[in-house]
Amino acid sequence: MPEIPPSRSRRSALRVLVRCAALPTLAAAVQRWPHAQTLAPTPACGADAAPTAAQMEGPYFRPRSPQRDSLVDPGASGSRVTLTGRVLTTQCAPVARALVDLWHADAGGRYDVDGERWRGHVYTDAQGRYRFATIVPGLYPGRTRHFHVKVQPPGGRVLTTQLYFPGEPGNLRDKLYAPALEVAWQRGADRAAFDFVVAVS
Ligand SMILES: [Fe+2]
């Protein structure tokens, strides 16, 4: 079933991009990964920061994913990528024990709708960090390349969103695509990074 994008998500994501350009976590990401020097910033915390933009869940979410930081089953095909980042408040405080749930298509653009392939969740550590070993998701009709993610601070509201890859030819044809939701990544690199900013009361 194709995912039908709401136009409002794109507008709010663009507002986040304008507010959050050139904030400090980008610099940190670039220093960690020399490959990423030309990449666009991900949303960051700090003055005037807004929470990471929410996007639609899509039709392939399954609750109760396994807790694991590697989604790569033995023999699985696909370009490996390690997705890392932090969960932060709008005031830049790390959010420990936040649940980060990741699901995405396989290398051929298919979701496992009956099982747990390419699905998993982890909890952030004391510094708000998370990490997944997985693959670069494949493409399927109507969408550019993307991850699906849910982030929930302890006792807080769930943020449902999607992450995108810079330089993808399909980005500008996908009405859900938002530059503010791009991971720090270079096509072909094996590391991707994104910091989530969540409102915590
Ligand atoms: Fe999807």
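This text goes with the structure placed above it.
Residues numbered from 1 in each chain as written. Predicted model: local features only at pLDDT ≥ 70, side-chain atom pairs only at ≥ 80, totals over all residues. Heavy atoms only, no water.

K.L.:
Sorry if this is basic, but what is going on with the overall build of the chain here?
P.N.:
Summing up its helical and strand segments, the chain has two helices and eight strands in all. Each helix and strand of the chain, placed in order from N terminus to C terminus, yields the pattern α-α-β-β-β-β-β-β-β-β. Counting over 201 residues, the chain shows a buried share of 53%. Residue pairs in contact within the chain that sit at least 24 positions apart in sequence constitute 72% of those at least 6 positions apart. With an accessible surface of roughly 9,700 Å², the chain has 53% of that area assigned to carbon and sulfur atoms. (Helix = DSSP H or I, 4+ residues; strand = E, 2+ residues; numbered from the N terminus. Buried < 20%, exposed > 50% of the residue type's maximum accessible area, 1.4 Å probe, protein only. Contact = heavy atoms within 4.5 Å. Areas by Shrake-Rupley, 256 points an atom, 1.4 Å probe, with all protein chains shown as cover.)

K.L.:
Please explain the sheet that holds strand β6 (residues 159-164) as it appears in this structure.
P.N.:
Here we have four strands laid out as an open sheet, ordered β3-β2-β5-β6, and antiparallel in their pairing. Each of the sheet's edge strands pairs with one partner strand only, and the pair in question is β3 (119-123) and β6. Ignoring strand direction, the axes of neighbouring strands in this sheet form an average angle of 25 degrees. Bridging between strand β2 (residues 99-103) and β3 involves five bridges; their strand directions are antiparallel. Across the sheet, L102 pairs through a bridge with G120, a residue of β3. (Pairing = 2+ DSSP bridges. Axes fitted to C-alpha atoms, helices over the stretch in contact; angles between N-to-C directions.)

K.L.:
Where do I start with the pairing of β6 in this structure?
P.N.:
As a general feature of sheets, a regular strand has side chains that alternate between the two faces. The buried fraction of β6 is high, at six of six residues. Of the two faces of β6, the one carrying L159, T161 and L163 and the one carrying T160, Q162 and Y164 are both buried. Summarising the sheet, strand β5 (residues 146-152) and β6 pair through six bridges and their orientation is antiparallel. Paired with F147 across the bridge in β6 is L163. With antiparallel pairing between neighbouring strands as the criterion, β5 and β6 make up a hairpin whose turn holds six residues, including G155 at a positive phi of roughly 70 degrees.

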